[in-house]
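Below, each chain spelled out in residue letters.
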Amino acid sequence: IFVMGNILQRRQTSFNARLAVKKSWFPRVNALLEKISDSTVESYTEKLKKNPFARPETEGEKAAADLINYVNYVAEHVPGSMAEIQSMREEMFSIVNTDGLPHIFLTLNPTDTNNPIAQVIAGRDVDLDKFFDDLKPGSENLERSTFISQNPVAAAEFFDISVKNLLE
């Protein structure tokens with residue numbers, strides 16, 4: 001499921017991505033683009049893959065590094081992108097402006113490793129009498145955590161059930 005989600009997100013990123021530059025920066029960006037060749041981009045990319053802190057050495061590499069300061073990556077409708085996060089932030093600010101500040105904050109963090117419901121959803125046979133007797137630190141905790149971590153769908157389903165039951 002996670003691999004498929006990653007593939008879909010990369011696909012959306014590829015199709016919905018744009019590069020944006022402020023109009024006042026056009027002359028500077030154009031001058032930088034003229035200094036950069038395809039081979040410069042390829043060699044500088046390989047250099048940065050090997051060492052992310054590598055400094056540009058050639059004129060083309062310096063222009064490419066400088067260009068990054070002027071160009072913004074804009075991705076619309078891509079889950080998890082900075083554009084989506086900015087959009088959610090703006091929506092939240094507009095709600096606060098129209099409706100006022102929220103009066104109740106709730107942080108919900110149901111533990112899935114020490115809950116028998118999560119263990120049953122993950123497919124484990126649970127003896128409830130023994131389960132609650134052994135909740136002291138270290139007893140079977142690693143085994144429970146490992147069992148849940150091997151089944152992230154069950155952990156997500158448990159979280160969903162917990163939140164729905166709390167809100168009902």
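In this report, the structure presented in the accompanying data block is examined. All of these numbers come straight from a predicted model, not from anything done at the bench.

**Focus on the pattern of salt bridges**
And then number 1: Applying the stated rule across the entire model yields seven salt bridges.
And then number 2: Put simply, Lys47 and Glu61 hold a salt bridge, and the shortest N to O gap is 2.9 Å. Residue Lys47 is found in helix H3 (residues 38-50), and its partner Glu61 is found in helix H4 (residues 59-67); the two are separated by 14 residues along the sequence.
And then number 3: Residue Lys47 is classed as partly exposed on the basis of its relative accessible area, which comes to 21%.
And then number 4: Relative accessible area serves as the criterion here: at 5%, Glu61 is assigned to the buried category.
And then number 5: Close ionic contact of Arg124 with Glu143 constitutes a salt bridge, the shortest N to O distance being 3.1 Å. Remark: Glu143 occurs in helix H8 (residues 141-149) and Arg124 occurs in the loop between helix H6 (116-121) and helix H7 (128-133); sequence separation between them is 19 residues.
And then number 6: The structure contains a network of salt bridges with shared partners spanning Lys47, Glu57 and Glu61.

**Structural notes on the environment of Trp25**
And then number 1: Within the element layout of this structure, Trp25 appears in the loop between strand S1 (17-20) and helix H2 (26-35).
And then number 2: The spacing of Trp25 and Tyr70 is 45 residues in sequence and 7.1 Å in space, taken between C-alpha atoms.
And then number 3: Not counting residues up to four positions away in its chain, the partners in contact with Trp25 are Asn69 and Tyr70.

**With respect to the nonpolar core**
And then number 1: Of all hydrophobic cores here, the largest spans eight residues; its members are Val29, Leu32, Ile36, Tyr44, Ala63, Ala64, Leu67 and Tyr70.
And then number 2: Per-element tally for this core: the top contributor is H4, with three residues.
And then number 3: Not counting residues up to four positions away in its chain, the partners in contact with Tyr44 are Ala54, Pro56, Glu61, Ala64 and Ala65.

**A few points about the side chain of Arg124**
And then number 1: Under the relative-accessibility criterion, Arg124 is labelled buried at 15%.
And then number 2: Here the side chain of Arg124 touches Glu143 through a polar contact of 3.1 Å, side chain to side chain.
And then number 3: Setting aside residues up to four positions removed in sequence, Arg124 forms contacts with Gln119, Glu140, Glu143, Arg144 and Phe147.

**Things to note about a nonpolar patch on the surface**
And then number 1: On the surface, Leu106, Leu108, Phe159, Leu166 and Leu167 cluster together to form a nonpolar patch covering roughly 510 Å² of accessible area.
And then number 2: Mapped onto the secondary structure, Leu166 falls in helix H9 (residues 152-167).
And then number 3: Note on Leu166: relative accessible area 48%, which makes it partly exposed.

Basis of the calculations
- Residues numbered from 1 in each chain as written.
- Predicted model: local features only at pLDDT ≥ 70, side-chain atom pairs only at ≥ 80, totals over all residues.
- Heavy atoms only, no water.
- Salt bridge = Lys/Arg side-chain N within 4 Å of Asp/Glu carboxyl O.
- Helix = DSSP H or I, 4+ residues; strand = E, 2+ residues; numbered from the N terminus.
- Buried < 20%, exposed > 50% of the residue type's maximum accessible area, 1.4 Å probe, protein only.
- Contact = heavy atoms within 4.5 Å.
- Core = buried A, V, L, I, M, F, W, Y, C linked by side-chain atoms within 4.5 Å.
- Polar contact = N/O pair within 3.5 Å; in protein donor to acceptor, adjacent residues only side chain to side chain.
- Patch = residues over 30% accessible without salt bridge, like charges linked within 9 Å, V, L, I, M, F, W, Y side chains within 5 Å.
- Areas by Shrake-Rupley, 256 points an atom, 1.4 Å probe, with all protein chains shown as cover.

Functional significance is not addressed by these values, which are geometric in nature.
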